[in-house]
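Coordinate inspection notes
The primary structure of each chain is shown beneath.
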Amino acid sequence: VGLAVESTERFDDRDLYVEARADRRLARGAAYVAVGGAPDADYRLEIGVAVGGQVRLAGNLAATFDASLARYPTGTVTGLHPGLALDLAGGRLQLSGRWINVWDEAGEYRSGYATAARWQATERLALRLGYADAPESSDGATVDVAAWSAGAEIGLTDGLLLRLGYLSEDRDAYDREELSLGLGWRF
């Protein structure tokens, strides 16, 4: 079970996003359901639901699937994202790829992809790197975005995690960079 609260600011608009999530381990994988939204949203979704999971296919290869439905002030956006995940080096290195399929607020179909790598460098340090060229819904519109990201997760204690991240996006109208800092509590 998880609860996330994010406060973000973009062009002097601030949104507070809250999400509750439940995960369940299954015999050959895992599944999740998440519900969240930003009350009085300026650029984040007003309310949304996501479901998904993964199923181990063979050895270190798993099939992944995510589906989402999100309501924005301008309309509803639906997403279906199948993918594959590969565990290497005894589970210390994970590689993944997803096919992004979106039906935007105007009902138009768009697609793209996302790739990611996560390396558990030490018991308390994990590093991640990602690249995506896919549609993203924000600011009341779905636009094509090319982005890369890098980050780290540092275990301060057995239950407390420090998360650091950098994101660089190339959008149609502007480029955007983001630095993020977060705390996670594992229980």
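Just so we're clear, the structure is a prediction, and the values are computed from it rather than from any experiment.

Thresholds applied
Residues numbered from 1 in each chain as written. Predicted model: local features only at pLDDT ≥ 70, side-chain atom pairs only at ≥ 80, totals over all residues. Heavy atoms only, no water. Helix = DSSP H or I, 4+ residues; strand = E, 2+ residues; numbered from the N terminus. Contact = heavy atoms within 4.5 Å. Areas by Shrake-Rupley, 256 points an atom, 1.4 Å probe, with all protein chains shown as cover. Lys, Arg positive; Asp, Glu negative; His and termini not counted. Charge placed at Lys NZ, Arg CZ, Asp CG, Glu CD. Buried < 20%, exposed > 50% of the residue type's maximum accessible area, 1.4 Å probe, protein only. Polar contact = N/O pair within 3.5 Å; in protein donor to acceptor, adjacent residues only side chain to side chain. Patch = residues over 30% accessible without salt bridge, like charges linked within 9 Å, V, L, I, M, F, W, Y side chains within 5 Å. Salt bridge = Lys/Arg side-chain N within 4 Å of Asp/Glu carboxyl O. Phe/Tyr/Trp six-rings, centres within 6.5 Å; stacked < 30°, edge-to-face > 60°. Lys NZ or Arg CZ within 6 Å of the ring centre and 35° of its normal. Pairing = 2+ DSSP bridges. Axes fitted to C-alpha atoms, helices over the stretch in contact; angles between N-to-C directions.

Of the regular secondary structure elements, the chain holds zero helices and 12 strands. What you see in the chain, going N to C, is helices and strands ordered as β-β-β-β-β-β-β-β-β-β-β-β. A separation threshold of at least 6 residues defines the contact pool for the chain, and within that pool the share at least 24 residues apart is 30%. When the accessible surface of the chain is totalled, it reaches about 11400 Å², and 60% of it is carbon and sulfur. Considering the chain, the positive charge centre built from 19 side chains and the negative charge centre built from 28 side chains are found 11 Å apart.

Moving on, we get to the side chain of R176. With respect to the helices and strands, the residue R176 is situated in strand β12 (residues 175-185). Look at R176 and you get buried, because its relative accessible area is 15%. Polar contacts involving the side chain of R176 include one to the side chain of E178, which spans 3.0 Å. Setting aside chain neighbours within four positions, we find R176 in contact with R10, L167, S168, E169 and R171.

A contiguous patch of negative charge on the surface is contributed by D12, D13, D40 and D42. When its relative accessible area of 70% is taken as the criterion, D12 is described as exposed.

So, about a nonpolar patch on the surface. The grouping of V33, V35, V49, V51 and L69 at the surface amounts to a nonpolar patch, some 360 Å² of accessible area in total. Listed by contribution, the elements that provide at least two residues to the nonpolar patch are β3 (29-37) and β4 (47-58). For V49, the location among the structural elements is in strand β4.

Once that is clear, we can look at the packing of aromatic side chains. One pass over the structure, following the stated rule, counts three aromatic pairs. Judged by centre distance (5.2 Å) and plane angle (50 degrees), the rings of W103 and Y109 are tilted. Note on W103: relative accessible area 32%, which makes it partly exposed. Taking 5.3 Å as the distance between ring centres and 55 degrees as the angle between the ring planes, the aromatic pair formed by W148 and Y166 counts as tilted. You can see W148 sitting in strand β10 (residues 141-155) and its partner Y166 sitting in strand β11 (residues 160-170), a full 18 residues away along the chain. Its relative accessible area of 39% is what places W148 among the partly exposed residues. A cation over a ring is seen here: R21 above Y32, with NZ or CZ 4.0 Å from the ring centre.

As a further point, take the sheet that holds β11. Read from one edge to the other, the open sheet built from 12 strands follows the order β1-β2-β3-β4-β5-β6-β7-β8-β9-β10-β11-β12, with strand pairing classed as antiparallel. Every interior strand has two partners, whereas the edge strands, β1 (2-10) and β12, have only one. With direction set aside, neighbouring strand axes in the sheet form an average angle of 15 degrees. The pairing of strand β5 (residues 61-72) with strand β6 (residues 75-88) spans 12 bridges and is antiparallel. Its bridge partner lying in β6, A63 is registered against L84.

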